[in-house]
Amino acid sequence: MEWLTLTIDGREVSVPKGSTVLDACRMNNIPIPTLCHAPELTSAGACRLCVVQIEGMRNLPPSCVTQAAQGMKVETQNPKVRSARKTILELLVANHPLDCMTCQKMGDCSLAEYAYEYGVTGEVYHGAKRDLPIDNGNPFILRDPNKCILCGKCIRACSEIQGKSILDFSFRGFDTQVGPAFNLPYNESDCDFCGSCVSVCPVGALVEKKMVGKGRPWEVSKVQTTCPFCGVGCNFDLNVKDGKVIGVTSNPDAPVNGKALCVKGRFGMDMIYSENRVTTPLIRKDGVLVPAEWDEALDLIASKLGEIKNTYGPNSIGALSSAHCTNEENYLMQKFMRAVIGTNNVDHCART
Amino acid sequence: MAENQRILVCAGTGCASSGALPIIDILIDEIKRQGLEETVSVVGTGCQGFCEKGPTLVIEPQQILYTRVKGEDVAEIIEQELVKGERVERLLLVDQETQKPVSSMADINFFAKQHRIVLHNCGVIDPKKIEDYTAREGYKAIEKALKEMSPEDALEEVKKSGLRGRGGAGFPTGLKWGFCRATPSDKKYIICNADEGDPGAFMDRSVLEGDPHSVIEGMLIGAYAIGADEGYIYCRAEYPLAIKHLGIAIKQAEEAGYLGDNILGSGFNFHLKVFEGAGAFVCGEETALMASIEGKRGMPRVRPPFPAVSGLWGKPTNVNNVETWSNVPHILRKGAEWYTQFGTEKSKGTKIFALTGKVNNTGLVEVPMGTTLREIIFDIGDGIQGGKKFKAVQIGGPSGGCLPEDMLDLAVDYDTLTQAGAMVGSGGLVIMDETTCMVDIARYFLNFTKKESCGKCTPCREGTTRMYEILDRITKGEGKEEDLDTLENLALTIKETSLCALGQSAPNPILATLKYFRHEYEAHIRDHKCPAHNCSALLSYTIDAEKCKMCSLCAKNCPVNCITGDKKTNTPYVIDEDKCIKCGTCMDKCKFGAVTRA
Amino acid sequence: MAGLATSFGSGAMTNSINEIPNTKVMFVIGSNATEAHPVIGTKMKQALAKGAKLIVADPREINLAECSDIWMRLRPGTDIPLINGIMNIIIANGWEDRAFIEERTEGFEKLRESVQKFPPEVVSKITGVPVEQLVEAARIYATAECAEIFYTLGITEHTCGTDNVMSLANLAMLTGNIGKESSGVNPLRGQNNVQGACDMGALPNVYTGYQSVTNPEARAKFEEAWGVSLDPNPGFMIPDMFDAAVSKNLRALYVLGEDPVITDADANHVRKGLQALDFLVVQEIFMSETAKLADVVLPGASYAEKTGTFTNTERRVQMVNQAIKPIGNARIDGDIICDLATRMGYPFVYSSSAEVMEEIAKLTPSFAGITHERLGTQGLQWPVPNSEHPGTKFLHEGKFTRGKGVFVPIEHQLPGEQPDEEYPLLLSTGRKLSLYNVFTQSSEALVSHSPEELAEVNPLDGKKLGLEDGEVVKVASRRGELETKIKLTERVPEGMVFMTLHYDEAPTNVLTNGAYDKVTKTYEYKVCGIKISKLNK
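Here the structure is a predicted model, which means the values were calculated and not measured.

Rules used throughout
Residues numbered from 1 in each chain as written. Chains lettered and ligands numbered in written order. Predicted model: local features only at pLDDT ≥ 70, side-chain atom pairs only at ≥ 80, totals over all residues. Contact = placed C-beta atoms within 7 Å. Helix = DSSP H or I, 4+ residues; strand = E, 2+ residues; numbered from the N terminus. Nonpolar A, V, L, I, M, F, W, Y, C, P; charged D, E, K, R; others polar. Core = buried A, V, L, I, M, F, W, Y, C linked by C-beta atoms within 7 Å. Buried ≥ 20, exposed ≤ 12 C-beta atoms within 10 Å, placed from the backbone. Pairing = 2+ DSSP bridges. Axes fitted to C-alpha atoms, helices over the stretch in contact; angles between N-to-C directions. Parallel < 35°, antiparallel > 145°, perpendicular 65-115°, else oblique. Left-handed = near helix turned anticlockwise from the far one by under 90°. pLDDT = per-residue confidence, 0-100. Domains from an automatic or database assignment.

Draft legend 1. Spatial organisation of the interface of chain B and chain A. With 27 residues of chain B in contact, the opposing surface of chain A contributes 26 residues. For the side of chain B that touches chain A, the secondary structure elements donating two or more residues are helix H17 (438-452), helix H18 (458-475) and helix H19 (483-497) of chain B. Top element by residues in the side of chain B that touches chain A is H18(B). It accounts for nine residues. Here the side of chain B that touches chain A is built from residues that sort into six nonpolar, 11 polar and 10 charged.

Here it is, written out as structure tokens:
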């Protein structure tokens, strides 16, 4: 691999050829604020927050789309650069609701994080603010276009990850919006509710509806696990607060799927708490299933199976193992049938 | 008259809307009636340039110009000119200095001081006839290229000519072609950018309407030099006549074997289509334009990759504007050396300007690069309307800068104007006089750019609106002292951080007016006064009781009935300032100069 | 599974999911990936965006058909003639991969002879696919630098399912599209751990890693490890179990996390079998239709409540990590089984599921290098023969698992039941995007998004029967009947009805045929005859 050497903030660093200036900075732990950049998406160079100063280049180029070059001299933190970034942030904040206290994204909002870092006041520009209707018509995604900073990541996620292109910009200039064609709400569009758009939104414009009010980022622990719904084997993070799963978020390191998920994986976790869950052993007494203690239930099964085995032989007992249970459990089940009962009568619906 | 004569009637969009088309019909009838059809022909041409005086017509070969011609003048013109060989004096142009009529185009500054290369055929030929074009050396350049030159030779000739892009940025055309030529690909495109969107600019429209074949021939040469076999002309849908003439011209060129496969037996193929734009200003930006052709939302994308590497549908693509393409046949036919005699060291050739605003001769003019603004405005444009005082010239479209009087002797070329805070841009020249408020002008242009911002990048999308809002407040007398710093800081950030040229140049009207007319801003903010007496919120009208004759004309015409007084009781008229909407009607109506504005 | 095992020696998906975006051609047959395997669907879309070609063979106008280069709307149950026809065209044009056939396969001559009987015109007549489409599909697939075949239950859920699969294996070998990146024959496994349940020997004929119970060496290994003697004869497959229950040869059944009453074909027969048992234990997380028939119901734990591993369709063994404690009085399923074994006199003593995996690794060559620790956040794709092995991205590189790949000539067979005068419509079943089998019925969010069954009926059939869009109708087969709302749509061809198996209220499998594949005993969910009638109001 060919390597390039460039100077960033007076520090000499080497990066592989083909890296952008942003890559070069991130590889070397030099912080650059970004809103429209995501490693899994193409770069739009739209938010302009990642601008830097590069010797010999006119204006302040955005680092996310500027290729690193041999001998390049980059400044990422000089007053001119910081002032430009601050102005851009002031512009975004001037057109953004300041209801951070009740915003689901609080604590995980990139705009708030940078506004804080750059000392943005929200007082510099006074004027028009968007006032658009909130899209609340579906059970999965809450879309508040007033919080949208038009970074376009959701648009690119929909087209590049999901291959759907449900979302795009509409209108021009200050009136620009993001949404499905003809400004339809999500549930009237062709949206599959994969939620890829939610997973990349840097602000509170797109949030998981079921998680609203359920927990703040700092109260939540994330547990990476494997989706239980189909054979693709997507990984995601279960968000747990106070011993309860409150939702699912993408884990960018998921080996099969990255940030992509489908409607089931992302929004179907509430089945854990279904009313239909069986939460205690049940034994049929006088034709009716009634609650029982574990000891009673297991002893009953042990004695019944033992009896049938003794009377009719081990092959009079069968088991259906489960394509929903873990490998370890399936192993235990077939071992139980083969070693404990003494039969090969174990199968599962391998074919559905 | 023994000699054959032609009557060239301007049928460009400007003159057509002033009633030129019926004149052509009447002329033809009248000539028939007089039995002159053997010796006199009538031609509806493209724009002759003198829009202010339209409809115009020219009698050839004498080159006699008639202005503001009406249908009822036709019989007289035929009778006098064609039968008697005399002038119809009342329809001739009056020289502002001598106040005498001038008949010959050679004696009219508007024409005499121009040098027409691109407009060589405009206003002279019938743009709907390929034979008119070929009769004036048309398609000789592509013939020469295909028969005598390799693609490299053609490219080299354009490089040597020093031609730079006429769309605004002024990038060397040959160099641009070379990049595209150098990118290996199975398919390349060339595009003609005819999405002329600057308010007041109509250079490209005029060329397309008046000489469409020159654009096609330029593109043929470009395609040959670059190695492209397909091209698009992206023309805004608001130019129906241009689109019509292009359609006719493409069909004729195909039938004549100049477009299609195996052109002139050379084995070179080139197919050309017209694509109608949907009215977004930003689609004049080449990457947005290509997105639009691809059927996507017209939004610019970051460069690199440049279109020469990855353009239309990911293929190497070269985009030039109408005027640039139209220069090319002349360069090939007459040679780079000939071309370089015009212009300055770094800006070769000529430039067409659309002269508009408070100038006497509004219209379309082509001058060598390096001509001074003063020559264009005062010699060709014949100075300021109504004898008022020149204040500024806005050059380069909505994103250009406003230059004050002391910069009138600047030579117009790419580098000089950029240094001065303006730009050649596509070539709009808007002349302003003392009644123009420079804050309001900045506000006007920002209103345009904020509406036309595509919304992709933050600084342009949000920033142009904030700049507009600040300017709007200032013109209403609600400006604050710190607004100027905020405005300047915002303008510089937008200039340095926006994605495309639209955003990067959107603050120019503000930066230039802040630089040259800062006192006007300060007057609005500190004194709540508009020095040009233009910003209505800052005006106050009063009636001088001494001068008031109590005729009541002001009160009768006041639309909001805010003027009271009574002759019977000898009470002079008074304006109620709370109710006054500052329309100025009272001042216009007063015969005694009793109403004053401050 | 069995089909690929015969042809290649291994029944799993040959290649990896993340190879899909880089492939040049995708041939998707009997697989509605964008709905049944949505994230694989998105990978296919990514491949399309990069210029890959897509060939779809499906009677329904599924989403992939809409974005395909060629959509072959074949008649249901005509997959074998379709593939044979394509192979006929490939050979006739010399598009086959001679070198690959020579070096890597056997049985080519027999295959060549057998596909002679399937010239394009004949195949077109049988399948309803125009000749031009057949030729174009053959050309695109055979001449690509790399091409992937994908199939799902549209191929396997037929009486000739195994043969269908072997046909596809023939096609891949014929063109050398196997044993390299972004190619192969790729069955997309349905349920989250159906691959794992098979790998773990939850099958009547094999132990873990497909070690046959009839193989004395394998049996001896397990006997030694487990300290018992083992039955050398394969046990009952699922359909046999219900038959055996009815005939009293099976007396007790222990059902772990399955709902055969809803998911198995000919549900009424299944119910009859379960009711005939002396003793039925159901270990479940939901009060399923099957649980309602049980003598004892044991509350198990959901995926969020346990630690272990799932194996996905591309053989990737991945961690399932416990996030919360089991709900209420429920217990982790593995713990329940251990407890029960211990109570029956064979102590299952494991300190954690990681320790169970250690035992699996010891007994299973393809899992030998797998530990929970190594799986970490990225998992490993089996085979993982030792603790340094990085896992196997794609199978059959250089050599098939069985040595040489074998061409098995396949003849056309008709489905077990065809529409007839009495039951004139053809019912096919499948899944829809927002739901998965019966599991997702318990997600309030998902159910509110797709609240009810909407049987798809072609508008022409609707017109004939006087049905309106959204009308509730009676659907009946020889085995049962149900009521469902219908949707008139051209997604299904005339004469075909499509239903899902997601809804208790419209239990589609009372209609389906209990006929099954002769090898795997997979039910023919995809074809049976039905009739639709208006409800008398």
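Draft legend 2. View of the nonpolar core. Judged by nonpolar contacts, the single largest core of 333 residues is most densely connected at A:Cys154, B:Val9, B:Ile221, B:Cys235, B:Val393 and C:Ile86. By residue number, the principal contributor to this core is helix H10 (residues 212-226) of chain B, which donates nine residues. Discounting residues that sit within four places of it in the chain, B:Ile221 has contacts with B:Ala141, B:Ile142, B:Ala145, B:Ala154, B:Val328, B:Pro329 and B:Leu332. Core analysis: the second largest hydrophobic core is formed by 103 residues, A:Val278, C:Val270, C:Val281 and C:Ile336 among them.

Draft legend 3. Focus on the sheet that holds strand E11 (residues 316-320) of chain C. Residue and element names in this part refer to chain C. Sheet architecture is open: three strands sit in the order E10-E11-E12, paired in antiparallel fashion. Looking along the sheet, the strands with just one partner apiece sit at the ends: strand E10 (308-311) and strand E12 (380-381). Direction of pairing for E10 relative to E11: antiparallel, over a ladder of four bridges. Of the residues in E11, the one forming a bridge with Gly308 is Val320.

Draft legend 4. The arrangement of the interface of chain A and chain C in detail. Listed as interface residues are 98 residues of chain A and, on the opposing side, 127 residues of chain C. Sort the elements by how many residues they give to the side of chain A that touches chain C and helix H8 (residues 327-341) of chain A lands first, with 13 residues. Of the residues contributing to the side of chain A that touches chain C, the split by class is 50 nonpolar, 32 polar and 16 charged. As judged from the two bridges shared by strand E12 (residues 282-285) of chain A and strand E9 (residues 296-299) of chain C, these two strands associate in the antiparallel manner.

Draft legend 5. Just the packing of H8(A) against helix H17 (residues 333-343) of chain C, in detail. Contact geometry of H8(A) with H17(C) gives a least axis separation of 9 Å together with a crossing angle of 15°. In terms of orientation, H8(A) and H17(C) fall into the roughly parallel class. As H8(A) runs across H17(C), the sense of the crossing is left-handed. Contact with H8(A), carried on its side by A:Glu328, A:Glu329, A:Leu332, A:Met333, A:Phe336 and A:Val340, involves C:Asp333, C:Gly334, C:Ile337, C:Cys338 and C:Ala341 of H17(C) and no other residues of that element. In the contact of H8(A) with H17(C), the residues fall into seven nonpolar, one polar and three charged.

Draft legend 6. Layout of the confidence of the model for chain C. Per-residue confidence for chain C gives a mean pLDDT of 89; residues scoring 70 or more make up 95%. Scoring of the predicted complex yields 0.90 for pTM and 0.90 for ipTM.

Draft legend 7. Up close: the pairing of strand E5 (residues 147-151) of chain C. Residues and elements named next belong to chain C. Most of E5 sits out of view: five of its five residues are buried. A two-sided burial pattern is seen for E5, the buried positions comprising Ala147, Ile149 and Tyr151 on one face and Glu148 and Phe150 on the other. The pairing of strand E1 (residues 25-29) with E5 spans five bridges and is parallel. Each residue of the ladder has a partner; that of Phe27, found in E5, is Ile149.

Draft legend 8. Structural view of the domain arrangement of chain C. Residues and elements named next belong to chain C. Taken domain by domain, chain C comprises domain 1 (2-188), domain 2 (194-381) and domain 3 (425-534). Computed from C-alpha atoms alone, the centre-to-centre distance between domain 2 and domain 3 is 30 Å. Listed per partner, the contact involves 15 residues of domain 2 and 18 residues of domain 3. For the side of domain 2 that touches domain 3, the secondary structure elements donating two or more residues are helix H14 (238-246), helix H15 (260-263) and helix H16 (267-276). Among the elements that take part in the side of domain 2 that touches domain 3, H16 stands out by supplying three residues, more than any other. In the side of domain 2 that touches domain 3, the residues fall into seven nonpolar, four polar and four charged.

Draft legend 9. Representation of the arrangement of the chains in the model. Where the two pairs of chains in contact are concerned, the greatest contact count is recorded for chains A and C. Where chain B comes nearest to chain C, the C-alpha atoms are still 12 Å apart, and the two do not contact one another.

Draft legend 10. Focus on the packing of H14(C) against H16(C). Residue and element names in this part refer to chain C. It is the contact of H14 with H16, at a shortest axis distance of 7 Å, that shows an interaxial angle of 55°. In terms of axis orientation, H14 runs oblique to H16. When the axes of H14 and H16 are compared, the crossing they make is left-handed. Contact residues: Phe242, Ala245 and Val246 in H14; His269, Val270, Lys272, Gly273, Leu274 and Ala276 in H16. Tallied by class, residues from the contact of H14 with H16 come to six nonpolar, two polar and one charged.

Draft legend 11. The arrangement of the sheet that holds strand E8 (residues 279-284) of chain C in detail. Taken in spatial order, the seven strands line up as E13(A)-E12(A)-E9(C)-E8(C)-E7(C)-E14(A)-E15(A) in an open sheet, and their pairing is mixed. A single partner strand is all that each edge strand has here, and the edge strands are strand E13 (288-291) and strand E15 (346-347) of chain A. Note that strand E14 (residues 317-320) of chain A and E15(A) share two bridges and pair parallel. In the strand pairing of E15(A), A:Leu320 is matched with A:Asp347.

Draft legend 12. Quick peek at the environment of B:Tyr232. All names here are of chain B. Along the polypeptide, Tyr232 turns up in strand E8 (residues 230-236). Overall, the presence of 23 C-beta atoms within 10 Å leaves Tyr232 in the buried class. Residues contacting Tyr232, with those up to four places away along its chain left out, are Tyr189, Ile191, Lys273, Phe275 and Ile293.

Draft legend 13. Representation of the pairing of E1(C) in the model. Residue and element names in this part refer to chain C. For E1, a buried count of five out of five residues is recorded, marking the element as mostly surrounded by other parts of the structure. Here E1 shows two buried faces, one formed by Val25, Phe27 and Ile29 and the other by Met26 and Val28. For E1 and strand E2 (residues 53-57), the ladder comprises five bridges, and the chain directions are parallel. Of the residues in E2, the one forming a bridge with Val25 is Lys53.

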